[in-house]
Amino acid sequence: MSQDPQKSIKLEEIISLKPQHFADLIRTAQLIFDPCSGTVGRRVNIDWEDLGVPRSILDNLREIGQEYQYASPHISPEEIWSRLTTESRIWFVENKDNLWRFEEIFPAIDED
């Protein structure tokens, strides 16, 4: 998929989103889809609403997390933006500076 640099600039200017925000969103979606990071035999139940993710947004992020489960989080912002529902877009813009915290809650399995 080709990336139009002008589109990226416009997206960033209009809604103050940077590539890092999208990478954080992808990592969040991956965790929502699989909080155990693919570890066989581990299962956890997460109350995502308690963590600030409304139920109405979970399905959208879960789908994205499943599709990009093993992908690098550095995916074209336009590609990800097009996959978000209107409600998810609003939530994303409002929470863009806090998404990195989800990764801190669920550290990688191989970290010390």
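This write-up is about the structure you can find in this document.

Thresholds, definitions, all that
Residues numbered from 1 in each chain as written. Predicted model: local features only at pLDDT ≥ 70, side-chain atom pairs only at ≥ 80, totals over all residues. Heavy atoms only, no water. Axes fitted to C-alpha atoms, helices over the stretch in contact; angles between N-to-C directions. Helix = DSSP H or I, 4+ residues; strand = E, 2+ residues; numbered from the N terminus. Parallel < 35°, antiparallel > 145°, perpendicular 65-115°, else oblique. Contact = heavy atoms within 4.5 Å. Core = buried A, V, L, I, M, F, W, Y, C linked by side-chain atoms within 4.5 Å. Buried < 20%, exposed > 50% of the residue type's maximum accessible area, 1.4 Å probe, protein only. Salt bridge = Lys/Arg side-chain N within 4 Å of Asp/Glu carboxyl O.

In contact at an axis separation of 9 Å, helix α3 (residues 55-67) and helix α5 (residues 86-95) are set at 100° when each is read in the N-to-C sense. The pairing of α3 with α5 is recorded here as roughly perpendicular in orientation. For the pair α3 and α5, the contacting residues are S56, I57, N60 and L61 in the first and E87, S88 and W91 in the second.

Below, the discussion takes up the nonpolar core. Membership of the largest hydrophobic core comes to 24 residues, with the highest contact counts inside it found for L25, W48, V53, L61, W91 and F92. Listed by contribution, the elements that provide at least two residues to this core are α2 (19-33), α3, α4 (77-83) and α5. Here the element with the most residues in this core is α2; it accounts for 6 residues. Residues contacting W91, with those up to four places away along its chain left out, are L25, G52, V53, P54, I57, L61 and L99.

Within this structure, the stated rule accounts for 5 salt bridges. The residue R27 makes a salt bridge to D24 at a minimum N-O spacing of 2.6 Å. Within this pair, R27 and its partner D24 are both found in helix α2, separated by 3 residues, close to a single helical turn. Of the two residues, R27 and D24, neither departs from the other in class, the shared state being buried. Its salt-bridge partner being E103, residue R27 comes within 2.8 Å of it at the nearest N-O pair. A residue pair is termed long-range when its members are at least 10 positions apart, and R27 in helix α2 and E103 in helix α6 (residues 100-105) qualify at 76 residues. The class for R27 is buried, based on a relative accessible area of 17%.

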